[in-house]
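# Descriptive structure summary
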Amino acid sequence: MSAPRVAALLLAASAAFAGCRVGGAEATPFRGAAPKTILIWPTVAAPFAAQQPVLLTGLDLAVRRRGHVVIATAVARQLLGDAGVPLDPAEGPHGEQLFRATGADAVLRLIVRAFRVQGERLQRADWDLDWELRATATGAVLWQFSHHGHWERRVPIEQHPHPRSEEDQPPVLFGDREPDFRDASDLAAWLHRFAMERLPRGGA
């Protein structure tokens, strides 16, 4: 193999590794003491109530993956309902009553400003979301992340009219291709994973 060819392969390999995300995104520090137990608030604002099951898909798991003790949405709903704590997001999910009912010292809310999806097999989507973690006792914001965006399904790539040999193909860098989503639930779960990569790890 010629020296220029070897050099080209080494350059392609180094570029591919440079595109690979190692260790995930940088976390945003807590604004205060790290919580021991996080309760996932089980409702979203009234305009999006019909989409609530979809919107909360995968949020519990995404927080657990960061090493936190989590009171899942279904369990939170039962505990809060039994204790008579209002589930309307406008009431503000914090306070001594909430702590006595659940034992959680922080509450994670999903704040939905927009979530529009089209197609049973998802074709396009727009969203504007906030993830907000508040101290149960004081209501102070401990951590938050916002994300708004737009996604459209890629048009299938047909056979190129002038196919290139394998040796001439450029390297595909890890993370270069946007993900495809089966449906709105798949998108929501991906967005939660993306956001929670910015949440500091628990158990430190």
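Residues numbered from 1 in each chain as written. Predicted model: local features only at pLDDT ≥ 70, side-chain atom pairs only at ≥ 80, totals over all residues. Heavy atoms only, no water.

### Regarding the overall build of the protein chain
Counted only if it meets this: What counts as a helix is a DSSP run of H or I of at least four residues, what counts as a strand is a run of E of at least two, and both are numbered from the N terminus. Classification of residues uses two cut-offs on accessible area relative to the type maximum, computed with a 1.4 Å probe and protein chains only: under 20% is buried, over 50% is exposed, and between them is partly exposed. Any pair of residues with heavy atoms lying within 4.5 Å of one another is described as a contacting pair.
Helix and strand counts for the protein chain stand at six helices and five strands. Walking the protein chain from its N terminus toward its C terminus, one meets helices and strands in the order α-β-α-α-β-α-α-β-β-β-α. The buried share among the 204 residues of the protein chain stands at 38%. Nonlocal contacts in the protein chain, meaning residues at least 24 apart in sequence, comprise 69% of its contacts between residues at least 6 apart.

### Some thoughts on the nonpolar core
Using the following cut-off: In these notes, a set of buried Ala, Val, Leu, Ile, Met, Phe, Trp, Tyr and Cys residues joined through side-chain atoms within 4.5 Å is what counts as a nonpolar core.
With 35 residues, the main nonpolar core has Val 63, Leu 108, Trp 131, Leu 133, Trp 143 and Met 196 as its most contacted residues. Every element with two or more residues in this core is listed here: strand S1 (37-40), helix H3 (59-64), strand S3 (106-118), strand S4 (124-135), strand S5 (141-152) and helix H6 (184-196). Counting residues in each nonpolar core, the second largest holds 10 residues, with Ile 71, Ala 76, Leu 80 and Leu 98 among its members.

### Topic: the pairing of S3
This is how it is decided: For two strands to be treated as a pair, DSSP must find no fewer than two bridges joining them.
As paired strands, S1 and S3 are joined by three bridges and run parallel to one another. Bridge pairing in S3 links Ile 38 to Ala 106. Bridge count for S3 against S4 is 12 bridges, and the pairing is antiparallel. Counted as the bridge partner of Phe 115 is Trp 127 from S4. Joining the antiparallel neighbours S3 and S4 is a turn of five residues, in which Gly 119 adopts a positive phi near 95 degrees.

### Focus on the pattern of salt bridges
Side chains bearing opposite charge may pair, as long as their charged atoms lie close to each other. To keep things clear, this is the line we draw: Whenever Lys or Arg places a side-chain nitrogen within 4 Å of a carboxyl oxygen from Asp or Glu, that contact is recorded as a salt bridge.
One pass over the full model with this rule turns up four salt bridges. Where Asp 130 meets Arg 113, a salt bridge forms, and the shortest distance between an N and an O atom there is 2.4 Å. Of this pair, Asp 130 sits in strand S4 while Arg 113 sits in strand S3; the two residues are 17 residues apart in sequence, bridging distant segments of the chain.

### Observations regarding the packing of aromatic side chains
Within a pair of aromatic rings, the relevant descriptors are the distance that separates the centres and the angle that separates the planes. Let me state the cut-off plainly: Whether two aromatic rings pair depends on their centres lying within 6.5 Å, for rings of Phe, Tyr and Trp, where Trp uses its six-membered ring; planes under 30 degrees apart make the pair stacked, over 60 edge-to-face, and the rest tilted.
On inspection of all chains with the given rule, the structure shows five aromatic pairs. When the ring of Trp 131 is compared with that of Phe 145, the centres are 5.9 Å apart and the planes differ by 35 degrees; the resulting orientation is tilted. Of this pair, Trp 131 sits in strand S4 while Phe 145 sits in strand S5, and the two are 14 residues apart along the sequence. Of the residues examined, Trp 131 reaches a relative accessible area of 0% and is grouped as buried. When its relative accessible area of 16% is taken as the criterion, Phe 145 is described as buried. Note on Trp 151 and Phe 181: the rings are 5.2 Å apart at their centroids and 65 degrees apart in plane angle, and the pair reads as edge-to-face. Within this pair, whereas Trp 151 is found in strand S5, its partner Phe 181 is found in the loop between S5 and H6, the two being separated by 30 residues in sequence.

### Description of helix H4 (residues 73-83)
Basically, it comes down to this: In this context, the arc is that of the directions from the helix axis out to the C-beta atoms.
Restricting attention to buried positions, one finds in H4 the residues Thr 73, Ala 76 and Leu 80. All buried residues of H4 fall inside an arc of 55 degrees around its axis, so they share one side. In H4, the exposed residues that point more than 90 degrees away from the buried face are Ala 74 and Asp 82. Here the buried face of H4 lies against S1, H3, strand S2 (69-71) and helix H5 (96-102). Once H4 ends, the next one or two residues include Gly 84, with phi positive near 75 degrees.

### Notes on the sheet that holds S1
Put simply, the rule is: Fitted lines through C-alpha atoms serve as axes, helices being fitted only where they are in contact, and the angles separating the N-to-C directions of these axes extend from 0 to 180 degrees.
One open sheet accounts for five strands, arranged S2-S1-S3-S4-S5; its pairing is mixed. Two strands bound the open sheet, and with one partner strand each, they are S2 and S5. Here the average twist between neighbouring strands, direction ignored, is 20 degrees. Across the sheet, H6 touches S3, S4 and S5, and the angle it forms with S4 is around 45 degrees.

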